[in-house]
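As a plain string of letters, each chain reads:
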Amino acid sequence: RKVSQFIKLQWTQKNHTCSKKVRSWPERRMQQMLEVSRIGCGVYLCILSIIDIWTRRIPLWFLAAGGAAAAAARICQTGPLDFSALAGAVTGAVFIVVSRVTREGFGYGDSLLILILGVYLGFWNLLGVLSGALLFSALFAAALLLYKGFDRKAGYPFIPFLLVSYFLWMCGVQ
């Protein structure tokens with residue numbers, strides 16, 4: 001089976017065998033594409049976080065544009081959508097069902113963004129980002145409950161927690 005340069009680059013980064021100087025031109029291009037797409041995803045999450053905090057509504061057209069960009073970035077990096085991207089999308093679909101069951105206790109915009117991140121990051125990376133976001137969200141909820149001005153039904157935007165967790169994942173903290 002032919003393996004793309006991007007997959008080789010990811011493997012060497014995960015195993016810390018990649019030196020700072022990438023020697024061949026295709027490897028440098030793939031490294032640049034990866035960095036640009038990660039930064040673009042971070043900017044996208046920043047914009048969505050601001051919108052989520054201010055309005056608590058995410059425009060569907062903005063999510064659709066992000067989904068198209070995520071799919072295009074994934075295809076450029078790994079070729080056709082692989083099992084990991086599809087499993088990440090299924091994880092997002094599970095969250096859409098959760099949104100439906102909870103009558104948007106967990107918003108549809110949040111769930112659609114998780115689906116988009118699942119396509120872009122793949123299943124295992126999405127789980128890392130999601131676990132961090134859910135942990136930060138739980139800590140924030142606990143702090144709100146300890147503060148007597150809030151009740152347990154108080155809502156808050158979730159995308160800022162995804163943003164923080166994504167940046168920590170991108171920096172290799174998780």
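Here the structure is shown first, and the text comes after it.
Residues take numbers from 1 onward in each chain, read along the sequence in its written order. A pLDDT threshold of at least 70 governs which residues receive local features in this predicted model, and a stricter bar of 80 or more applies before side-chain atom pairs are shown or counted, although totals over entire chains, interfaces and linings include all residues. Neither water nor hydrogens contribute to the side-chain values; these are computed over all heavy atoms in the structure.

Draft legend 1. Highlighting the overall build of the protein. Scanning the protein from N- to C-terminus turns up seven helices and zero strands. Each helix corresponds to a stretch of at least 4 residues labelled H or I by DSSP, and each strand to a stretch of at least 2 residues labelled E; elements are numbered beginning at the N terminus. The secondary structure elements of the protein, listed N-terminal to C-terminal, are α-α-α-α-α-α-α. The buried share of the protein, taken over its 174 residues, is 37%. Working definition of accessibility: Shrake-Rupley area with a 1.4 Å probe, residue cover restricted to the visible protein chains. Carbon together with sulfur atoms contributes 68% to the accessible area of the protein, which is approximately 10900 Å² in total. For every residue, the accessible area (1.4 Å probe, protein chains only) is compared with the maximum for its type, and the residue is labelled buried under 20%, exposed over 50%, or partly exposed between those bounds.

Draft legend 2. Representation of the side chain of serine 99 within the structure. The residue serine 99 is located in helix α4 (residues 83-101) in this model. What makes two residues a contact is simply this: any of their non-hydrogen atoms within 4.5 Å. Ignoring sequence-local partners within four residues, the contact set of serine 99 consists of Glu104, Phe106, Gly107, Tyr108 and Ser111.

Draft legend 3. Main features of the packing of helix α5 (residues 108-121) against helix α6 (residues 123-146). Axis definition: a line fitted to C-alpha atoms, over the contacting stretch in the case of helices. Angles run 0 to 180 degrees between N-to-C directions. For the pair α5 and α6, interaxial distance at closest approach is 7 Å and the crossing angle is 135°. One element, α5, and the other, α6, form an angle in the oblique class. Note that α5 runs across α6; the crossing there is right-handed. Counting all contacts with α5, which are made through Ile114, Leu117, Gly118 and Leu121, the residues of α6 involved are Phe123, Asn125, Leu126, Val129 and Leu130. Classifying every residue of the contact of α5 with α6 by side-chain character gives seven nonpolar, two polar and no charged. Each angle is binned into one of four classes, with values under 35 degrees roughly parallel, values over 145 roughly antiparallel, values of 65 to 115 roughly perpendicular, and all other values oblique. A crossing counts as left-handed when the near helix is turned anticlockwise from the far one by less than a right angle, and as right-handed when that turn is clockwise. Polar here means any residue other than Ala, Val, Leu, Ile, Met, Phe, Trp, Tyr, Cys and Pro, which are nonpolar, and Asp, Glu, Lys and Arg, which are charged; Gly is therefore polar.

Draft legend 4. Quick peek at the packing of α4 against α5. It is the contact of α4 with α5, at a shortest axis distance of 7 Å, that shows an interaxial angle of 170°. Considering the angle they form, α4 stands roughly antiparallel to α5. Within the contact between the two elements, α4 uses Ser84, Ala85, Gly88, Ala89, Gly92, Ala93, Phe95, Ile96, Ser99 and Arg100 and α5 uses Tyr108, Ser111, Leu112, Ile114, Leu115, Gly118 and Val119. Of the residues that constitute the contact of α4 with α5, the class distribution is ten nonpolar, six polar and one charged.

Draft legend 5. Layout of the environment of leucine 134. With respect to the secondary-structure elements, leucine 134 resides in helix α6. On the basis of relative accessibility, which here comes to 39%, the residue leucine 134 falls in the partly exposed class.

Draft legend 6. Here's a closer look at the nonpolar core. The term nonpolar core refers to a set of buried residues drawn from Ala, Val, Leu, Ile, Met, Phe, Trp, Tyr and Cys, joined through side-chain atoms within 4.5 Å. Ranked by internal contacts, the top residues of the largest apolar core, which has 28 residues, are Leu48, Leu113, Ile114, Leu117, Leu162 and Tyr166. Only α2 (25-55), α3 (60-78), α5, α6 and α7 (159-170) provide two or more residues apiece to this core. What isoleucine 114 contacts, discounting residues up to four positions off in sequence, is Gly88, Gly92, Phe95, Phe106, Leu126, Leu130, Phe158 and Leu162.

Draft legend 7. Molecular detail of the pattern of salt bridges. Whenever Lys or Arg places a side-chain nitrogen within 4 Å of a carboxyl oxygen from Asp or Glu, that contact is recorded as a salt bridge. One pass over the full model with this rule turns up one salt bridge. Close ionic contact of aspartate 82 with arginine 74 constitutes a salt bridge, the shortest N to O distance being 3.0 Å. When its relative accessible area of 7% is taken as the criterion, arginine 74 is described as buried.

Draft legend 8. Up close: the packing of aromatic side chains. What counts as a ring pair is set by centres within 6.5 Å for rings of Phe, Tyr and Trp (its six-membered ring), and what kind of pair is set by the plane angle: stacked under 30 degrees, edge-to-face over 60, tilted for all other angles. Enumeration over the complete set of coordinates arrives at eleven aromatic pairs. Relative to phenylalanine 161, the ring of phenylalanine 158 lies with its centre 6.4 Å away and its plane at 45°, an arrangement referred to as tilted. One exposure class covers both phenylalanine 158 and phenylalanine 161, and it is buried. In textbook terms, an aromatic cluster arises when at least three aromatic residues are bridged by ring pairs, as seen for Phe95, Phe106, Phe140, Tyr156, Phe158 and Phe161.

Draft legend 9. Quick peek at the state of the cysteines. Cysteine sulfur atoms are paired as a disulfide whenever they fall within 2.5 Å. Applying the stated criterion across every chain yields a total of zero disulfides. For cysteine 41, which is in no disulfide, the shortest distance to another cysteine sulfur is to cysteine 46 and amounts to 9.8 Å.

Draft legend 10. Representation of the environment of glycine 40. When you line up the elements, glycine 40 lands in helix α2. Among the residues examined, glycine 40 registers a relative accessible area of 34% and is labelled partly exposed.

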